[in-house]
Amino acid sequence: MAAKIAVLGRFNEITLLVPAGVVAYAATFTITDIISEVYGKRAAAIVVFVGFITQLLIPLYSFTAIILPIASFQKEYAKLFNKVFSVAPNIVIASIVAYLISQNHDIWAFHLWKELTRGKYLWLRNNASTIVSQLIDTVIFITLAFGVLPSIIGGVFVPWGLIPYMILGQYIVKVIIALLDTPVVYLGVMIVRGEISLQLILRSVRGSNNVGGIQVNDKLGKRLVVILKGFPCY
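Residues numbered from 1 in each chain as written. Predicted model: local features only at pLDDT ≥ 70, side-chain atom pairs only at ≥ 80, totals over all residues. Heavy atoms only, no water.

## A word on the overall build of the chain
Turning to step 1, where the next piece is worked out: Across its full length, the chain carries 10 helices and four strands.
Turning to step 2, where the next piece is worked out: Start at the N end of the chain and walk to the C end: the helices and strands fall as β-β-α-α-α-α-α-α-α-α-α-β-β-α.
Turning to step 3, where the next piece is worked out: The proportion of buried residues among the 234 residues of the chain is 39%.
Turning to step 4, where the next piece is worked out: Looking at the chain as shown, the accessible area adds up to about 13600 Å², and 69% of this sits on carbon and sulfur atoms. (Helix = DSSP H or I, 4+ residues; strand = E, 2+ residues; numbered from the N terminus. Buried < 20%, exposed > 50% of the residue type's maximum accessible area, 1.4 Å probe, protein only. Areas by Shrake-Rupley, 256 points an atom, 1.4 Å probe, with all protein chains shown as cover.)

Here's what the structure looks like:
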């Protein structure tokens, strides 16, 4: 998805461009922050490392599937299959480099803010760490994937004059997602800690005050209604 470049919008003579995979990738920072908050820095670092291994394995699996001999009755689909599952080396390398640097920075910054605020203001450390980390990720990925690496190993080359607009377009989307995911981070932390159940969330959003015979009329239930009203939870 990252190889496809979409138009985010046009403002006067400026066209903002974004890779199509920006939304899916931005969500990974939400998961990292939830794990950092509940399980700590080491657990989050392990998850990031597992994600790194996954990024290495997926292109390998795709390449293996492509080089395997195809059955005679499927030869007409061979070109289409190879086109869909082939990987762009410039995208893969840039993604891995940007992922490792930005995700590890996110973990470090998250816990730095946690120490500075003495464990208070989850919304602050969530957004402060993610917004800076997203900028780091965006600059590294766009510059490598569409500028530096295509000129070395091939791939989709974007003129250097358009690179800043791609960085700006992608970063705007990521910042919006980072700001919108704050309720999701709070909710994720509460669920992982066992402070609230998914059943209670669904009942609260639907307006019911009874979950398994338990009256839901405490402050937590009221806060959840305020936070989750309007979210597509059902």
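Once you've had a look at it, read on.
## Remarks on the packing of helix α1 (residues 22-39) against helix α4 (residues 89-116)
Turning to step 1, where the next piece is worked out: Direction vectors running N to C along α1 and α4 enclose 40°, while the axes themselves pass 10 Å from each other. Taken together, the axes of α1 and α4 are oblique relative to one another. Crossing of α1 over α4 shows right-handed handedness. Here Tyr-25, Thr-28, Phe-29, Thr-32, Asp-33, Ser-36 and Glu-37 of α1 come into contact with α4, specifically with Ala-98, Tyr-99, Ser-102, Gln-103, Asp-106, Ile-107, Phe-110, His-111 and Lys-114.
Turning to step 2, where the next piece is worked out: Along the lines of polarity and charge, the residues of the contact of α1 with α4 split into six nonpolar, six polar and four charged. (Axes fitted to C-alpha atoms, helices over the stretch in contact; angles between N-to-C directions. Parallel < 35°, antiparallel > 145°, perpendicular 65-115°, else oblique. Left-handed = near helix turned anticlockwise from the far one by under 90°. Contact = heavy atoms within 4.5 Å. Nonpolar A, V, L, I, M, F, W, Y, C, P; charged D, E, K, R; others polar.)

## Quick notes on the packing of aromatic side chains
The relative placement of two aromatic rings is captured by the distance of their centres and the angle of their planes.
Turning to step 1, where the next piece is worked out: Applying the stated rule across the entire model yields three aromatic pairs.
Turning to step 2, where the next piece is worked out: When the centroid spacing of 6.1 Å and the interplanar angle of 40° are considered together, the rings of Phe-49 and Phe-52 count as tilted. Taken together, the positions of Phe-49 and Phe-52, both in helix α2 (residues 41-67) and three residues apart, correspond to about one turn of that helix.
Turning to step 3, where the next piece is worked out: Under the relative-accessibility criterion, Phe-49 is labelled partly exposed at 49%. (Phe/Tyr/Trp six-rings, centres within 6.5 Å; stacked < 30°, edge-to-face > 60°.)

## A look at the environment of Gly-154
Turning to step 1, where the next piece is worked out: Locating Gly-154 in the fold gives a position in the loop between α6 (150-153) and α7 (163-180).
Turning to step 2, where the next piece is worked out: Distance from Gly-154 to Asn-90, taken between C-alpha atoms, is 7.1 Å for residues 64 residues apart in sequence.
Turning to step 3, where the next piece is worked out: Residues contacting Gly-154, with those up to four places away along its chain left out, are Asn-90 and Leu-149.

## Describing the nonpolar core
Turning to step 1, where the next piece is worked out: Membership of the largest hydrophobic core comes to 13 residues, with the highest contact counts inside it found for Phe-141, Ile-142, Ala-145, Phe-146 and Ile-163.
Turning to step 2, where the next piece is worked out: Counting only elements with at least two residues in this core, the list comes to α4, α5 (122-148) and α7.
Turning to step 3, where the next piece is worked out: The element that contributes the greatest number of residues to this core is α5, accounting for five residues. (Core = buried A, V, L, I, M, F, W, Y, C linked by side-chain atoms within 4.5 Å.)

## Some points on the packing of α1 against α5
Turning to step 1, where the next piece is worked out: Between α1 and α5, whose axes approach to 10 Å, the crossing angle comes to 140°. Here α1 is positioned oblique relative to α5, judged by the angle of their axes. With respect to the hand of their crossing, α1 and α5 are arranged in right-handed fashion. Only Leu-122, Arg-125, Asn-126, Ser-129, Thr-130, Ser-133, Gln-134 and Asp-137 of α5 make contact with α1, whose side of the interface consists of Tyr-25, Ala-26, Phe-29, Asp-33 and Glu-37.
Turning to step 2, where the next piece is worked out: Considering only residue class, the contact of α1 with α5 consists of four nonpolar, five polar and four charged.

## A few points about α7
Turning to step 1, where the next piece is worked out: Its 18 residues place the ends of α7 26 Å apart at the C-alpha level, agreeing with the 26 Å of an ideal helix rising 1.5 Å per residue.
Turning to step 2, where the next piece is worked out: Taken as a whole, α7 has its buried residues at Ile-163, Met-166, Ile-167, Gly-169, Gln-170, Tyr-171, Val-173, Lys-174, Val-175, Ile-177 and Ala-178. (Expected span 1.5 Å × (residues − 1).)

## Details of a nonpolar patch on the surface
Turning to step 1, where the next piece is worked out: A cluster of nonpolar side chains, contributed by Phe-49, Ile-53, Leu-56, Leu-57, Leu-60 and Tyr-61, occupies part of the molecular surface with about 550 Å² of accessible area.
Turning to step 2, where the next piece is worked out: Locating Leu-60 in the fold gives a position in helix α2. (Patch = residues over 30% accessible without salt bridge, like charges linked within 9 Å, V, L, I, M, F, W, Y side chains within 5 Å. Salt bridge = Lys/Arg side-chain N within 4 Å of Asp/Glu carboxyl O.)

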